[in-house]
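So you can see what is in the structure, the chains are spelled out below.
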Amino acid sequence: MSGPSNFLRRVNAELQHYKLPCFRIINPHPGQLKDLYNDDWIKVGRLDGTIYYKLTSINLYNLVRQRREHRIELLKSIPDPFTLCLNSPINSYLNRASGKILQKADIIIFQSELSRQMHRKFFGDAKQKSYVILNGVPVEIFNPDVKSVKLKGSPRLVITASFRLHKRLQNAIDLINNLRKKLPGITLHVIGVMDNLTEEHIQLMDLSSCIFHGHVDSSRLPSIYAGCDLGLSPSLFDPCPNSVAEMVACGLPVLTTSASGAAEIIKNPELIIAEDLDFDFMELQTAEAIPVIDISAWSEAVVSALDNRINLSHSMLRRVEEEIDIKIVAKRYANAINGY
């Protein structure tokens with residue numbers, strides 16, 4: 001089950017405990033948009049991020065490779081000024097589901113302030129009532145008391161995503177390889193499937209300190225997180241990664257970038273590495289064009305976080321009590337629905 005579907009199932013289960021008018025929470029998925037045309041319920045549009053591809057000729061070529069697995073070599077020979085003219089029309093088309101929600105929904109819920117800013121760039125401010133409500137997780141499943149599984153390595157770091165190049169798995173691998181000089185036993189546990197571009201790119205790297213678990217059922221994740229020392233989330237402009245919320249709920253400190261909604265989940269400066277990036281069209285399908293993390297700054301942050309792991313773990317659990325518990329999230333959704 002995808003992250004958005006997983007969250008929707010969880011929050012709808014909690015909302016059954018509230019006395020609410022008839023409503024539907026609608027993700028920007030083509031299969032859900034029909035719900036926008038039914039006036040029998042309050043339509044709650046839940047917006048994640050936007051698509052923001054910069055269509056240089058090489059990135060257009062790679063985009064076709066990513067989505068259709070076709071190599072159309074002719075695309076690489078088209079001058080950039082011609083392909084860049086496609087930035088607005090193609091991104092508008094790919095963002096059409098979000099645009100339709102912003103047009104038709106009664107209430108808008110952004111998953112983070114970053115999500116609001118991303119949509120503002122493409123669509124302007126929402127005309128209807130809007131709220132920022134972070135994603136949450138069920139603490140009866142994701143908590144620090146679950147029994148851990150024994151994992152290889154020491155220290156053990158974990159990164160979880162549906163990997164595409166802008167998730168920057170390649171940078172996380174470079175980070176681990178750099179840290180190996182000081183921490184020879186360090187191991188990166190990689191959870192999730194990856195697209196063809198990411199898989200192809202990392203095959204050229206030293207993967208000797210990585211263990212690839214592939215797809216892992218959500219029910220098994222808490223035990224894995226309990227067996228790790230630190231989480232990584234270097235992903236660029238990720239509006240509100242569910243994987244980070246899940247790690248935090250397990251008391252696992254997570255290092256992230258300031259250029260991500262994960263920073264809004266974590267809210268601890270010790271775990272947020274500053275990155276001066278403006279949100280704009282980016283070549284997300286071209287590995288060489290994606291900004292690289294500051295390996296030195298991240299390495300220092302990893303060592304510091306490992307030394308201060310207990311205090312940082314308490315900091316994560318406080319975030320759960322403040323905003324990340326799905327019951328708190330559901331209450332905020334209920335207030336928004338009742339306030340319509």
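Residues numbered from 1 in each chain as written. Predicted model: local features only at pLDDT ≥ 70, side-chain atom pairs only at ≥ 80, totals over all residues. Heavy atoms only, no water.

*Asks:* Outline the state of the cysteines, supporting the account with residue identities and numerical values.
*Replies:* What is meant by a disulfide is a covalent connection between two cysteines, made through their sulfur atoms. What the rule picks out here adds up to zero disulfides. Sulfur of C210: no disulfide; nearest cysteine sulfur belongs to C228 and is 13 Å away. Using a relative accessible area of 10% as the deciding quantity, one classes C210 as buried. (Disulfide = S-S within 2.5 Å. Buried < 20%, exposed > 50% of the residue type's maximum accessible area, 1.4 Å probe, protein only.)

*Asks:* A description of the sheet that holds strand β7 (residues 210–214) should follow, citing residues and the corresponding values.
*Replies:* Strand order in the open sheet formed by six strands is β7-β6-β5-β8-β9-β10, with parallel pairing between adjacent strands. Sheet topology places β7 and β10 (272–273) at the edges, where each strand pairs with a single neighbour. Sheet topology note: the strand β6 (residues 187–191)/β7 ladder contains four bridges and is parallel. Directly across from H189, in β7, lies its bridge partner I211. On top of the sheet, helix α12 (residues 295–307) reaches β5 (156–160), β8 (230–233), β9 (254–257) and β10; it is set at about 155° to β8, its chief contact. (Pairing = 2+ DSSP bridges. Helix = DSSP H or I, 4+ residues; strand = E, 2+ residues; numbered from the N terminus. Contact = heavy atoms within 4.5 Å. Axes fitted to C-alpha atoms, helices over the stretch in contact; angles between N-to-C directions.)

*Asks:* Kindly report on the side chain of S299, identifying the contributing residues and their values.
*Replies:* Examined against the element boundaries, S299 turns out to sit in helix α12. A distance of 2.8 Å separates a polar atom in the side chain of S299 from a polar atom in the side chain of N178. Setting aside chain neighbours within four positions, we find S299 in contact with L175, N178 and L179. (Polar contact = N/O pair within 3.5 Å; in protein donor to acceptor, adjacent residues only side chain to side chain.)

*Asks:* Requested: an account of unusual backbone geometry, with residues and values cited.
*Replies:* Following S154, the chain continues into P155 via a peptide bond in cis, with omega recorded as -5°. Summarising the element assignment, P155 is placed in the loop between β4 (129–132) and β5. Look at R168: it is not a glycine, yet its phi comes out positive at around 60°. The residue R168 is located in the loop between β5 and α7 (169–179) in this model. By relative accessible area, R168 is classed as buried at 0%.

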